[in-house]
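# Examining the three-dimensional arrangement
As a plain string of letters, each chain reads:
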Amino acid sequence: MRIPALWLSDYLTLDKPLRGIAADFTTIGLMLDKPIENQVLDLEQRLNRSDLLSILGCARDLSVFENVPLKEPKVKLHQARPKTSSTAIKINVQTPAVRRFNTRVFRGLTVKPSPSWLKERLLAYGVESINNVVDITNFVMLELGQPIHAQDTDKFMEPEITLRPAKKGEQLQTLLGTTIKLDPHVFVLSSGDRVTVIGGIVGGKQTGVTASSTNIILDAGNYDPRVIRTTSRQLKILNETVSRYDKPLDPRLCEIALNRATDLILTLAGGTYYQNIDYYPHPVIPQTLSLSFARLRLVSGIELPPKKTKTTLQTLGYTIIDETPDKIIVEVPYFRTDLEVEDDLISDVLRMLDYNHLPLLPLTSAVPPEITSPLTNFEDYLRDVLVSLGGQEHITSPLLSASGAPNQVKLANALTIDQNSLRTSILDTLSQVPVAYQKHALSLPPIFELGKVFTKKGRGDKFSDYQETNELGVITPSSRDFLASLFTRLGISNYHLLPSSANQVKITIGSTTLGLLSSNSFSLNLSLLHQHFHQYVGVVTEYAHRTSLDLSLRLPANLHYCDLEKVLKKTSPSLQSIEVLEELQGNLLVRLYWKKLSSKEATKNKITLALKKLSITSRSG
Amino acid sequence: MKTTIEQNQLAFTKALNSATDETALQLLKTKYLSKKNGLTTKLLQTLPKLTPADKRQFGPLLNKLKQNQEHALERKLIELKKRASSAHPDLTIPGRAKSAGHLHPTTITIRELNSFFRYHGFSIGEGPEIETVEYNFRRLNLPEGHPATDLQDTLFVREPNILLRTHTSSVEARILSTHQPPLRVVVPGKVYRNETTNKTNGSFFHHYQGLVVDKGINICHLKHLLTLVHQHLFGQDVVLRYRYKYYPEVSPGMGIDMQCKFCLGKGCEVCKDRGWIESLGSGMIHYHTLKACGINPEVYTGFAFGMGLDRLVMSKFGISDIRKLYGGELVYS
């Protein structure tokens, strides 16, 4: 929201530099967004308050915060002439998006340049001056926050305005000269079946008020903000009108804005004003809210004198309609459409008190029970283990381009095709990292990532169709050694690598597959890994006194090491562990360990015999 | 006999001290300890011929002599090898660093925050990244048609109900819906938005969320805790500003800014002339949010806060482009 200092000074007098005023606005919720230029404040307005898109609304809050009086504009209420058959413009509303459509007819105006005070204010805000009538509509919108709109009735095909959904193929040339194609999602104002305005968004050139206009219809509408939002996004039109209709406006504001505009038109353009239709089928009932002082104490943490609380609310525009020693009941002013609950009144009170004046109170309640999941703690531990093994952690975006796999989760509205799906394996996205090391001419250390992978089952209509799995991915040229080191540190010794595909093996414990390993990477399911992890391992407490036996053997092409392992374990159930000391093109040097072995020779013979059955030649036997 | 032993030892020590290489050591070993003609071996060989009394006296001495000489030779050998390998190193030359394990900057920052909050009695929460509109918006007092639920900001998996969470507040909604107070939880997590990627914004980034719900929680508790967090992260001398800020899921809402360290609040390029840098958003959890999650807002109150982590990480590590952080372009020294 832009606030020219000149315009703001119409409503309150503050002996303060503009930077100080900007700081005040920031404190009460309107943060200075851009550097101050040409004596204009540019404030970020992210509140759900339409009145803070009006200069008067901003001035009101500031006046309460600074405790100075607000000078509201003096509006003279003019007596309207009753409508006649020659002045009446019929209003037909055929869309539920319209909540109020208030109109007034003016005849015999003199359209001419605006006086300098009006031009200066619009110019300071950044709006071009067109003529007195158009300028007045803009001025009133910026002052009060209610968009109003004037059309030249002499340019109407028929003396009527219909508010209806647009027909497919209809077009409108806007005041700025661009042509917009319309469809039934958009509601329009038409006259004699010719579209003149896109409702709540932009007016057309054909019925615009120009220097030659003398007879006009002025309207102030109140529409469903959701319709305006959807339509403006669809048509890609964002302007001052749209931004004001984007936040909820009270229909009562229509009348107030028209009164202000009428006074200005009659003063600056002359002419006569006639009653016309005010379409307003469901007048709003003023909102009331109660505020208990106990709740105020609870939420604010401080004791606020009820008198001060009441004064703050009253100066903000609330009317106290009832009160007891414990609470007050207030009527919410028409310009505040944002209030939902009692705490919102407390917000207003504390906002005007200034948060910087609130004390700091330490939490004194007892520490609640711990609810951190064991998996979260495990992941943290695992990161440390991986780093101790020389691993460098990376985090990559899980978004990538679709692979075509049926179980991949695809996005419905992705902006780019390179980010239109979610990864199904952590290695899908981690695999882009080694290139960066190459670019920096660095040798690749072991790299790892912990994160989620996503899969879909079925049609994907239900939330339960989507599955998220926590995974660890590691990329390193010595993937088997890194896995072995990792498992040693995690106290896992009973794992096996079993053939899965040409380039990959399964990492298994018992009948559970924990992940997949290839020659330069592996991935592991973290929940499964967590189930097999032992934290208190790795300390050697006694001498080993192991018996060992070395075997040098050659595996036939159709056999894997895992087959050999199975046979060795079967022949000697007391076998403690096996270590592959060397491997070279099917030739293996294997060392077997036993804690105690009664007869080494007998065992050796048994093993040699079993190996022979598998056509494995042992060269050490 | 005693003199002979002493002389043997004396001569051995002298020869050992003057030995400067492995060959000299080997010769010395042969001279004294060879199985046939070693001087010490020969002395030992005389043992059986001695009288029982002499045996008792000199036996242990002779055995010890042999043992000592063996050990001395081994020690000298190790010493010589060491000397040979390091051959007068110039210790003023600095060593060369090897690449070591490294945590991601975001993990380091999350841990820094987690350690603070764990100390203050918080648990670490977690929740799904694929979310429902119910938890991402509705239970957080964001009704249908609210500007914040705008299609343009949200990445949908299946319109209109399944999406990628746009904030970690969705986890807040889940925790509030599944646990009864008292609660103190922080949630570090990944979030997604439908935004074009540039230097400072990506479609994927990190949030850090926190919440406290209990009897008697007020906005001054929030202010105190967040002041401590800032002091923990930026030092005791950090200057903070507290201001009203609107978020649909809280009321009253509160924003916190830090005074710009470059201009000390006067306004400069870094802070876009504001003098202050936005730090985080927070507030008292909305009455409707607590209610929607099954917690009685008349009995319990609470606060929540949330911040984007990535800018904090980038400023701490001197990274100027968010794409470096998560685009696979990060490497470690």
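On a predicted model such as this, the values are computed, not experimentally measured, just so you know. Every residue gets a number counted from 1 within its own chain, in the order that chain's sequence is written. A letter from A marks each chain and a number from 1 marks each ligand, given out in the order of writing. Owing to the predicted nature of the model, reporting of local features is limited to residues with pLDDT of at least 70; listing and counting of side-chain atom pairs is limited to 80 or more, with chain, interface and lining totals taken over all residues. Remark: hydrogens and water are excluded; side-chain values derive from all non-hydrogen atoms of the structure.

## Thoughts on the overall build of chain A
Test applied: Strands are runs of DSSP state E lasting at least two residues, helices are runs of H or I lasting at least four, and both sets are numbered from the N terminus onward. Relative accessible area decides the class of each residue, using a 1.4 Å probe on protein chains only: under 20% of the type maximum gives buried, over 50% gives exposed, and in between gives partly exposed. In this analysis, two residues are considered to be in contact whenever any of their non-hydrogen atoms come within 4.5 Å of each other.
Each helix and strand in chain A was counted, giving 18 helices and 30 strands. Residue burial in chain A is summarised as follows: out of 621 residues, 51% are buried. Partitioning the intrachain contacts of chain A with sequence separation of at least 6 by distance along the chain shows that 68% fall at a separation of at least 24.

## Re the packing of helix H5 (residues 132–144) of chain A against helix H8 (residues 252–268) of chain A
Residues and elements named next belong to chain A. The test is simple: Only C-alpha atoms enter the line fits that serve as axes; for helices the fit covers just the stretch in contact. Angles between N-to-C directions range over 0 to 180 degrees. By definition, turning the near helix anticlockwise from the far helix through less than a right angle yields a left-handed crossing, and turning it clockwise yields a right-handed one.
At their nearest, the axes of H5 and H8 sit 10 Å apart, and the two run at 145 degrees to each other. As H5 runs across H8, the sense of the crossing is right-handed. The residues of H8 that touch H5, namely those facing Asn 132, Ile 136, Phe 139, Val 140, Glu 143 and Leu 144, are Leu 253, Ile 256, Ala 257, Arg 260, Ala 261, Leu 264, Ile 265 and Leu 268.

## Looking at the packing of aromatic side chains
We count it as follows: When the centres of two rings from Phe, Tyr and Trp lie within 6.5 Å, Trp using its six-membered ring, the rings pair. Their planes under 30 degrees apart give stacked, over 60 give edge-to-face, and anything left gives tilted.
Counted according to the given criterion, the structure contains 18 aromatic pairs over all chains. A centroid spacing of 5.5 Å and a plane angle of 20 degrees characterise the contact between Phe 106 of chain A and Tyr 273 of chain A, whose relative ring orientation is stacked. Of this pair, Phe 106 of chain A sits in strand E5 (residues 98–107) while Tyr 273 of chain A sits in strand E14 (residues 272–279), and the two are 167 residues apart along the sequence. Each member of the pair, Phe 106 of chain A as well as Tyr 273 of chain A, carries the same accessibility label: buried. Ring geometry for Trp 117 of chain A against Phe 139 of chain A: centres 5.5 Å apart, planes inclined by 85 degrees, an arrangement best described as edge-to-face. Of this pair, Trp 117 of chain A sits in helix H4 (residues 116–125) while Phe 139 of chain A sits in helix H5; the two residues are 22 residues apart in sequence, bridging distant segments of the chain. Residue classification places Trp 117 of chain A among the partly exposed residues on the basis of a relative accessible area of 32%. Following the ring pairs from residue to residue traces out a cluster consisting of Phe 116, Phe 117, Phe 122, Tyr 208 and Phe 305 of chain B.

## Here's the deal with the side chain of Arg 165 of chain B
Residues and elements named next belong to chain B. Our working definition: Here Asp and Glu are counted as negative and Lys and Arg as positive; His is not counted, and neither are the chain ends. The term salt bridge refers to a pairing of a side-chain nitrogen on Lys or Arg with a carboxyl oxygen on Asp or Glu at a separation within 4 Å.
If you trace the backbone, Arg 165 turns up in the loop between strand E4 (162–164) and helix H7 (169–178). For the buried Arg 165, which has no salt bridge, the nearest side chain bearing the opposite charge is Glu 129, at an N-O separation of 4.2 Å. Each residue touching Arg 165, except ones within four places of it in the same chain, is listed here: Gly 127, Pro 128, Glu 129, Glu 131, Asn 136, Ser 170, Val 171, Gly 189, Lys 190, Val 191 and Tyr 192.

## Some points on the nonpolar core
Selection criterion: The set of buried Ala, Val, Leu, Ile, Met, Phe, Trp, Tyr and Cys residues whose side-chain atoms join them within 4.5 Å is what this entry labels a nonpolar core.
One finds Ile 3, Phe 25, Leu 41 and Val 140 of chain A together with Phe 117 and Phe 305 of chain B to be the most contacted residues of the largest nonpolar core, which totals 114 residues. Excluding its chain neighbours within four sequence positions, the residues that come into contact with Phe 305 of chain B are Phe 117, Val 186, Tyr 208, Gln 209, Gly 210, Leu 211, Leu 222, Leu 225, Leu 226, Leu 280, Gly 281 and Ser 282 of chain B. Listed in part, the 34 residues of the second largest apolar core include Ile 395 and Leu 430 of chain A together with Ile 130 and Phe 205 of chain B.

## Describing the confidence of the model for chain B
Residue and element names in this part refer to chain B. Keep this limit in mind: pLDDT expresses how confident the predictor is about each individual residue, on a scale running from 0 to 100.
Looking at chain B as a whole, the pLDDT averages 89, with 97% of positions reaching at least 70. When pLDDT is averaged over each element of chain B, strand E1 (residues 123–124) comes out on top at 98 and helix H4 (residues 52–86) at the bottom at 83. Predicted complex, confidence summary: ipTM 0.91, pTM 0.86.

## Some points on the interface of chain A and chain B
The line we're drawing: Once two parts are joined, some of their accessible surface, as seen by a 1.4 Å probe, is lost; buried area is that loss totalled over both. Under this definition, polar contacts are N or O atom pairs within 3.5 Å; protein pairs additionally need one hydrogen-donor-capable and one acceptor-capable atom, and for neighbouring residues in sequence, both atoms have to be side-chain atoms. Each residue gets one of three labels, nonpolar for Ala, Val, Leu, Ile, Met, Phe, Trp, Tyr, Cys and Pro, charged for Asp, Glu, Lys and Arg, and polar for the others, Gly among them.
Between chain A and chain B, the contact holds 94 residues from the first and 97 residues from the second. Carbon and sulfur atoms supply 55% of the area that chain A and chain B bury against each other, a total of about 7,900 Å² over both sides. Interface area lost by chain A to chain B is led by Tyr 355, Leu 363 and Ile 395 of chain A, which between them contribute 10%. Summed over the shared surface of chain A and chain B, the result is five salt bridges. At the junction of chain A and chain B, the tally comes to 42 residue pairs in polar contact (both at pLDDT 80 or more). Of the residues contributing to the side of chain A that touches chain B, the split by class is 43 nonpolar, 27 polar and 24 charged.

## Looking at the domain arrangement of chain A
To be explicit about the condition: Boundary definitions for the domains trace back to an automatic or database domain assignment.
Domain parsing of chain A yields domain 1 (2–66), domain 2 (90–279), domain 3 (288–357), domain 4 (374–531) and domain 5 (547–620). Taking the mean C-alpha position of each, domain 1 of chain A and domain 4 of chain A sit 52 Å from one another.

## Thoughts on the domain arrangement of chain B
Size of an interface, as often reported, equals the accessible area lost when the parts are brought together. Partitioning chain B into structural domains gives domain 1 (2–87) and domain 2 (105–332). Summarising the inter-unit geometry, the C-alpha centres of domain 1 of chain B and domain 2 of chain B are found 76 Å apart.

## Thoughts on the sheet that holds strand E28 (residues 575–584) of chain A
Residue and element names in this part refer to chain A. Test applied: What makes two strands pair is DSSP finding at least two bridges between them.
If you trace the four strands from one edge of the open sheet to the other, you get E28-E29-E27-E30, paired in antiparallel fashion. The open sheet terminates on both sides in strands that have one partner only, identified here as E28 and strand E30 (617–618). The pairing of strand E27 (residues 547–554) with E30 spans two bridges and is antiparallel. Directly across from Arg 554, in E30, lies its bridge partner Thr 617.

## Regarding unusual backbone geometry
Residues Glu 159 of chain B and Pro 160 of chain B are joined by a peptide bond in cis, for which omega reads 0 degrees. Looking at where Pro 160 of chain B falls in the secondary structure, it is placed in the loop between strand E3 (156–158) and E4. Here the residue pair Pro 181 of chain B and Pro 182 of chain B is connected by a cis peptide bond, since its omega of 5 degrees sits within 30 degrees of zero. Of note, Lys 236 of chain A is a non-glycine position whose phi angle comes to about 55 degrees, a positive value. One can find Lys 236 of chain A in the loop between helix H6 (225–235) and helix H7 (240–245). Under the relative-accessibility criterion, Lys 236 of chain A is labelled exposed at 74%.

## Quick word on the pattern of salt bridges
All names here are of chain A. Tallied over the full model, the rule gives 52 salt bridges over all chains. Of the charged contacts in the structure, one is a salt bridge between Glu 542 and Lys 595, with a shortest N-O distance of 3.9 Å. With a gap of 53 residues between them, Glu 542 in the loop between helix H16 (526–531) and E27 and Lys 595 in the loop between strand E29 (587–594) and helix H18 (600–613) connect regions that are remote in the sequence. Glu 542 gets classed as exposed once you look at its relative accessible area, which sits at 55%.

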